[in-house]
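Notes for the structure review
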Amino acid sequence: MEDCLAKKMEITVSEAEKRTGRNAVNIQETYTAYLIETRAVESQIEGQCAPVDSLWRRYSEFELLRNYLSVTYPHIVVPPLPEKRADFVWHKLSADNMDPDFVERRRIGLENFLLRVASHPVLCQDKIFHSFLTQEGGWKEMVNETGFQLKADSRLKALNATFRVKNPDKRFTELKHYSDELQSVISHLLRVRARVADRLYGVYKVHGNYGRVFSEWSAIEKEMGDGLQSAGHHMDVYAASIDDILEEEEHYADQLKEYLFYAEALRAVCRKHELMQYDLEMAAQDLTSKKQQCEELATGTVRTFSLKGMTSKLFGQETPEQREAKIKVLEEQIQEGEEQLKSKNLEGRDFVKSAWADIERFKEQKNHDLKEALISYAVMQISMCKKGIQVWTNAKECFSKM
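Criteria and cut-off values
Residues numbered from 1 in each chain as written. Predicted model: local features only at pLDDT ≥ 70, side-chain atom pairs only at ≥ 80, totals over all residues. Heavy atoms only, no water. Helix = DSSP H or I, 4+ residues; strand = E, 2+ residues; numbered from the N terminus. Contact = heavy atoms within 4.5 Å. Areas by Shrake-Rupley, 256 points an atom, 1.4 Å probe, with all protein chains shown as cover. Axes fitted to C-alpha atoms, helices over the stretch in contact; angles between N-to-C directions. Parallel < 35°, antiparallel > 145°, perpendicular 65-115°, else oblique. Left-handed = near helix turned anticlockwise from the far one by under 90°. Nonpolar A, V, L, I, M, F, W, Y, C, P; charged D, E, K, R; others polar. Buried < 20%, exposed > 50% of the residue type's maximum accessible area, 1.4 Å probe, protein only. Phe/Tyr/Trp six-rings, centres within 6.5 Å; stacked < 30°, edge-to-face > 60°. Lys NZ or Arg CZ within 6 Å of the ring centre and 35° of its normal. Expected span 1.5 Å × (residues − 1). Polar contact = N/O pair within 3.5 Å; in protein donor to acceptor, adjacent residues only side chain to side chain. Core = buried A, V, L, I, M, F, W, Y, C linked by side-chain atoms within 4.5 Å. pLDDT = per-residue confidence, 0-100. Pairing = 2+ DSSP bridges. Arc of directions from axis to C-beta. Patch = residues over 30% accessible without salt bridge, like charges linked within 9 Å, V, L, I, M, F, W, Y side chains within 5 Å. Salt bridge = Lys/Arg side-chain N within 4 Å of Asp/Glu carboxyl O. Lys, Arg positive; Asp, Glu negative; His and termini not counted. Charge placed at Lys NZ, Arg CZ, Asp CG, Glu CD.

1. Side note on the overall build of the protein chain
Secondary structure assignment for the protein chain yields 13 helices and three strands. Within the protein chain, residue pairs in contact and separated by at least 24 positions form 75% of the contacts whose partners lie at least 6 positions apart. Per element, the accessible surface of the protein chain, about 23,900 Å² overall, is 53% carbon and sulfur.

Written out as structure tokens, the structure is:
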């Protein structure tokens, strides 16, 4: 962790800007660009004023970077991007992806994504990631030249492996269940939070109504006017604070959403392992089949029914020379198959070792982050309740003086 990029470079996504331009098929579109600023930490430690490098990136470029990292490092739980369009939104907030408040929260999420990658012991060393932060022109071409798209596994292939693998690793099966449960629990938590926020909004707006009523009442009751006016003022201030509180609540919701999306990153690691296990089983099955064919040719006995066996019976047996030639070819294929199987076994063991180390790192990070977020959320709720008690205590004093 001492060598990670986050220790050497300050990385911020400092602002978002709405732009209009033409896309790849020459259609006019409106999009948001984000300003990434980087600054070397070393020169600041030495007392020098480090220059700030900056460049603009679109959300689609962040997506391209993450896709590249996911394919290039299949054993790593790659940090997720913030949502492209708002989800789990309580109905008073806009779900428009161009809404300024949503764009601001997404800007924070994109900065968090970059800091997550920059803090990862493996991902932070990737040259494409470095170029993403420092090289504006030609970056997309550089990514495409890596050929990472050719390494990407199709969904159909992954689904096939899921259903046809015979000996799945129990640890990865449990991890898949764990990711499903994580997603389910956080989804439920976000839905409950949206309902609570809606109810909270209603409570605060009721206080706004109290403020209006007390203010109007003070104009009628001259003797009680000052007390009613003061009480109404306390109610108005309390009601007006709801916007800041709900904005803070959205910040906590975004922290939960990050781990909602992390669940899919965990499943991606599981799918890759299933594909590797399936390829290994297919290679082992093919090797067993070739060894059996070689044995049958060498002994002249056929253990299983085959079209070749029927053809030999109908049209005569092969000559010894033909049989020897076939045995030689099969022996070469068996040798290649054994080497391939050995290589796949070694690759699988390395994958499991690396993946499990990163999964343990992720779980430790998740426990720390969710604990901090939930404690902060509880503290905020307690603070809100104390403010409510204080408002009515102040109102009581105003009424007592009438």
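Moving on, there is more to tell.
2. Brief notes about the packing of helix α4 (residues 100-119) against helix α5 (residues 127-134)
Interhelical geometry of α4 versus α5 gives an angle of 140° and a closest axis separation of 11 Å. Considered as vectors, α4 and α5 are oriented oblique to each other. In this structure, α4 crosses over α5, and the sense of that crossing is left-handed. Residues Leu114, Val117 and Ala118 of α4 touch α5, and the partners they reach there are Phe129, Phe132 and Leu133. Partitioning the contact of α4 with α5 into residue classes produces six nonpolar, no polar and no charged.

3. What to know about the side chain of Arg105
With respect to the helices and strands, Arg105 occurs in helix α4. With relative accessibility at 16%, the residue Arg105 sits in the buried group. Aside from chain neighbours lying at most four places away, what touches Arg105 is Glu83, Glu250, Asp254 and Lys257.

4. Some thoughts on the packing of aromatic side chains
Applying the stated criterion across every chain yields a total of 14 aromatic pairs. Judged by centre distance (4.4 Å) and plane angle (20°), the ring pair of Tyr204 and Tyr238 falls under stacked. Placement of Tyr204 in helix α9 (residues 170-220) and of Tyr238 in helix α10 (residues 225-240) is noted, with a sequence separation of 34 residues between them. Across this residue pair, the class does not change: Tyr204 and Tyr238 are buried. These aromatic residues form a ring-pair network of at least three members: Phe62, Phe113, Phe132 and Trp139. In this structure, Arg58 is placed above the aromatic ring of Tyr31, and the distance from its NZ or CZ to the ring centre is 3.8 Å. The ring of Tyr178 is capped by Lys363, whose NZ or CZ atom sits 4.8 Å from the centre of that ring.

5. Things to note about α9
Between the first and last C-alpha of α9 there are 75 Å, a value that for 51 residues agrees with the 75 Å anticipated at 1.5 Å per step. Where α9 begins, the capping side chain belongs to Asp169, and its oxygen is found 2.8 Å from the backbone nitrogen of Arg171.

6. Quick notes on the nonpolar core
By size, the foremost hydrophobic cluster in this structure holds 34 residues, and its most contacted members are Leu65, Leu114 and Leu133. Of all the secondary-structure elements, those providing two or more residues to this core are β1 (9-22), β2 (28-40), α3 (59-72), α4, α5 and α6 (139-145). A per-element tally of this core places α3 first, with seven residues. When residues no more than four places from it in sequence are discounted, the contact partners of Leu65 are Phe113, Leu114, Ile128, Phe129, Phe132 and Trp139. Counting 23 residues, the second largest nonpolar core, distinct from the first, contains Leu175, Val269, Cys270 and Ala355.

7. A few points about the confidence of the model for the protein chain
Taken residue by residue, the protein chain gives an average pLDDT of 86. The fraction at 70 or more is 89%. When mean pLDDT is taken per element in the protein chain, α3 scores highest with 95 and helix α12 (residues 307-315) scores lowest with 49.

8. Observations concerning the sheet that holds β2
Taken in spatial order, the three strands make up an open sheet running β1-β2-β3, and their pairing is antiparallel. One side of each edge strand has no neighbouring strand; the edge strands of this open sheet are β1 and β3 (53-58). When strand polarity is set aside, the average angle formed by the axes of neighbouring strands in this sheet is 25°. Across six bridges, β2 lies against β3 in antiparallel orientation. When the sheet's bridge partners are listed, Leu35 is paired in β3 with Trp56. Taken strand by strand, α3 contacts β2 and β3, and its axis lies near 90° from that of β3. Contacts between α4 and the sheet are confined to β1 and β2, with β1 contributing the most and set at about 135° to the helix.

9. Regarding α10
Spanning 16 residues, α10 covers 22 Å between terminal C-alpha atoms, matching the ideal 22 Å at 1.5 Å per step. Residues of α10 that are buried: Gly225, Gly227, Leu228, Ala231, Gly232, Met235, Tyr238 and Ala239. The buried residues of α10 all sit within an arc of 160° when viewed along its axis, so they share a single face. Opposite the packed face of α10, turned more than 90 degrees from it, sit the exposed residues Asp226, His233 and Ala240. Against the buried residues of α10 lie α9, α11 (242-299) and α13 (320-400).

10. Re a negative patch on the surface
Negative charge collects at one region of the surface, where Asp101, Asp243, Asp244, Glu247 and Glu248 lie side by side. Its place among the elements puts Asp101 in helix α4.

11. Here's the deal with the pattern of salt bridges
Under the definition given, this model contains 23 salt bridges. A salt bridge links Glu10 to Arg39; the shortest N-O distance between them is 3.8 Å. Separated by 29 residues along the polypeptide, Glu10 in strand β1 and Arg39 in strand β2 bring together distant segments of the chain. Owing to a relative accessible area of 38%, Glu10 belongs among the partly exposed residues under this scheme. One salt bridge connects Glu63 with Lys84, and the closest N-O pair in it is separated by 3.7 Å. In this pair, Glu63 sits in helix α3 while Lys84 sits in the loop between α3 and α4, placing the two residues 21 residues apart along the sequence. For Lys84, a relative accessible area of 37% translates into the label partly exposed.

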